[in-house]
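# Architecture and fold: a report
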Amino acid sequence: MNRNKGVTGPQGFRAAGIAAGIKESGALDLTLVVNDGPSDAAAGVFTTNKVKAAPVLWSQQVVQSRRLTAVVLNSGGANACTGPEGFQDTHATAEKVAEVLGTGAVDVAVCSTGLIGERLPMDKILTGVENVAKELDSSVEAGLNAATGVMTTDSRPKQSWKASEQGWSVGGFVKGAGMLAPNMATMLSVITTDAKISGDSLDKALRLATSRTFDRLDVDGGTSTNDTVLVLASGASGVEPTFEDFTALLTEVAGDLVKQLQGDAEGVTKEISITVKQAATEAEAVHIGRTVAEDNLVKTALFGSDPNWGRIAMALGRADAEIDPDVLQILINGVSLYRNGTRDRDRSEADLSGRDVEIVIDLNVGDAEATVLTTDLSHDYVEENSAYSS
């Protein structure tokens, strides 16, 4: 998996990221990704939050055609809860991109991330669109700038690229560090491919991939107003892979992006995987894993490197799922601490001194399995989120 390449790794794509002045810091804050074809197939998945930002509402509409020419993304402002004016701002942004690229506004998706409740500085956005279009390039550096331009509380850009043996590839970037429980899911991702694939197949593949990757990360239970994952296909490789092969590589790249999200989550000191085995159904396995992942008592214990399996038992026991405490088992970093209704080995045998923590919950009631990723709850997470708007 190559993390030096991102959206410009596949053939047929150009990208750029510039400082448009949206952020007072002067950091990069406006990104543009363009599909030069020959195909313009596209698909998207979006936040399940009922309070959706204007760019989400816009992009949900335009991607219904299963085609896009470009995606424009800004950081420094979410354009969420901004009323009809906010939607007009999103429309104006798409129209400006269309004007610069010589396409239609319905061919342009728009994404925003940042503080909720503030109008965007449209003079800077519109001028920025003109300037970022001048920087469009297919280079590795251009792709990195694009990944950097969407960052908010992220400490580093996150991108990934992988090529198939048949000559087509998938690449992408993602941003996000907090408000992460992507029930598709603040998180944005653009993924590109030069494979030949129809828009409908792309949509099906994306939903399968996100269900096993983006939907399995739960840092804090917060489903953002803006979360968006878009995938664009140029067809520039000339290769048409099987649906299974394409979905597998897309899932691999998406999974790598999600691992990077987990590793850069706000205040993270532990990267935690929660695997629920032998559940009645996969949906119940995911639900149980997510219940444990979101439990503050579990998360604070892990921050303190405390193998307190009782908190895990408490959390999974309140999940709405088939659970029999007399047959379940809880393991932390390979050590069985609870088994068949009572404690097993001494908790001191579980070493949590490292960054990676593996929790395995074996329900012994079925044959379904799922893994949910999460992080601990640290002092830094509380500090960062207590002053986000000020």
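Rules and cut-offs
- Along each chain, numbering runs from 1 in the same order as the chain's sequence is written.
- pLDDT decides what is reported in this predicted model: residues at 70 or higher carry local features, side-chain atom pairs at 80 or more are listed and counted, and totals for whole chains, interfaces and linings draw on all residues regardless.
- Water and hydrogen atoms play no part in the side-chain values, which are based on all heavy atoms of the structure.
- Strand pairing is assigned whenever DSSP identifies at least 2 bridges connecting the two strands.
- A run of DSSP states H or I qualifies as a helix once it reaches four residues; a run of E qualifies as a strand once it reaches two. Both are numbered from the N-terminal end.
- The buried label goes to any residue with under 20% of its type's maximum accessible area, the exposed label to any with over 50%, and the partly exposed label to all in between, with areas taken from a 1.4 Å probe on protein chains only.
- Orientation is described by axes fitted as lines to C-alpha atoms, over the contacting stretch for helices, and by angles from 0 to 180 degrees between their N-to-C directions.
- Just so you know how the angles are binned, under 35 degrees is roughly parallel, over 145 roughly antiparallel, 65 to 115 roughly perpendicular, and the rest oblique.
- By definition, any crossing whose near helix is turned counterclockwise from its far helix by less than a right angle is left-handed, and any crossing with a clockwise turn is right-handed.
- Residues count as neighbours in contact if any of their non-hydrogen atoms are within 4.5 Å of one another.
- Lys, Arg, Asp and Glu make up the charged group, whereas Ala, Val, Leu, Ile, Met, Phe, Trp, Tyr, Cys and Pro make up the nonpolar group; the residues left over, Gly among them, are polar.
- UniProt positions are given in the numbering used here, feature names are shortened, and annotations may be inferred rather than shown by experiment.
- Polar contacts here mean pairs of N or O atoms no more than 3.5 Å apart (in protein, one a potential hydrogen donor and the other a potential acceptor; neighbouring residues in sequence count only if both atoms are side-chain atoms).
- To be clear, the arc concerns the directions from the helix axis to the C-beta atoms.

Moving on: the sheet that holds strand β14 (residues 356–362). A sheet is described by the order of its strands in space; here six strands give the open sequence β13-β12-β11-β14-β10-β15, paired in mixed fashion. Every interior strand has two partners, whereas the edge strands, β13 (342–343) and β15 (368–375), have only one. Note: strand β11 (residues 329–332) against strand β12 (residues 335–339), four bridges, orientation antiparallel. Within the sheet, the bridge partner assigned to isoleucine 330 lies in β12 and is tyrosine 338.

What follows is about the environment of leucine 250. Relative to the helices and strands, leucine 250 resides in helix α6 (residues 243–263). Of the residues examined, leucine 250 reaches a relative accessible area of 1% and is grouped as buried. Here the alpha-carbon distance between leucine 250 and threonine 193, two residues 57 residues apart in the chain, equals 8.7 Å.

At a closest axis distance of 10 Å, the pairing of helix α2 (residues 83–101) and helix α3 (residues 122–134) adopts a crossing angle of 25°. What the angle tells us is that α2 and α3 run roughly parallel. Seen along the crossing, α2 lies across α3 with a hand that is right-handed. From α2, Asp89, Ala92, Thr93, Lys96, Val97 and Val100 reach across to α3, where they touch Met122, Ile125, Leu126, Val129, Glu130 and Ala133. In terms of residue class, the contact of α2 with α3 is made up of eight nonpolar, one polar and three charged.

If you check UniProt for "binding site: substrate" (unreviewed entry), the listed places come out as Thr152, Lys175, Thr186, Glu266, Asn385 and Ser390 in our numbering. Along the chain, the position of lysine 175 falls in strand β7 (residues 169–175). Lysine 175 gets classed as buried once you look at its relative accessible area, which sits at 0%. A distance of 3.0 Å separates the side chain of lysine 175 from the side chain of threonine 113, its partner in a polar contact. Within the element layout of this structure, glutamate 266 appears in the loop between α6 and β10 (271–279).

We now examine the pairing of strand β8 (residues 188–193). Counting buried residues along β8, six of its six residues qualify, which places the element largely inside the surrounding structure. Of the two faces of β8, the one holding Leu188, Val190 and Thr192 and the one holding Ser189, Ile191 and Thr193 are both buried throughout. Note: β7 against β8, six bridges, orientation antiparallel. Residue pairing in the sheet places valine 174 in a bridge with serine 189 of β8. In the sheet, β8 pairs with strand β9 (residues 228–233) via six bridges, with the strands oriented parallel. Bridged to serine 189 within β9 is valine 229.

Moving on: helix α9 (residues 309–317). Taken together, the buried positions of α9 are occupied by Trp309, Ile312, Ala315 and Leu316. In an axial view of α9, the angular spread of the buried residues amounts to 120°, which keeps them on one side of the axis.

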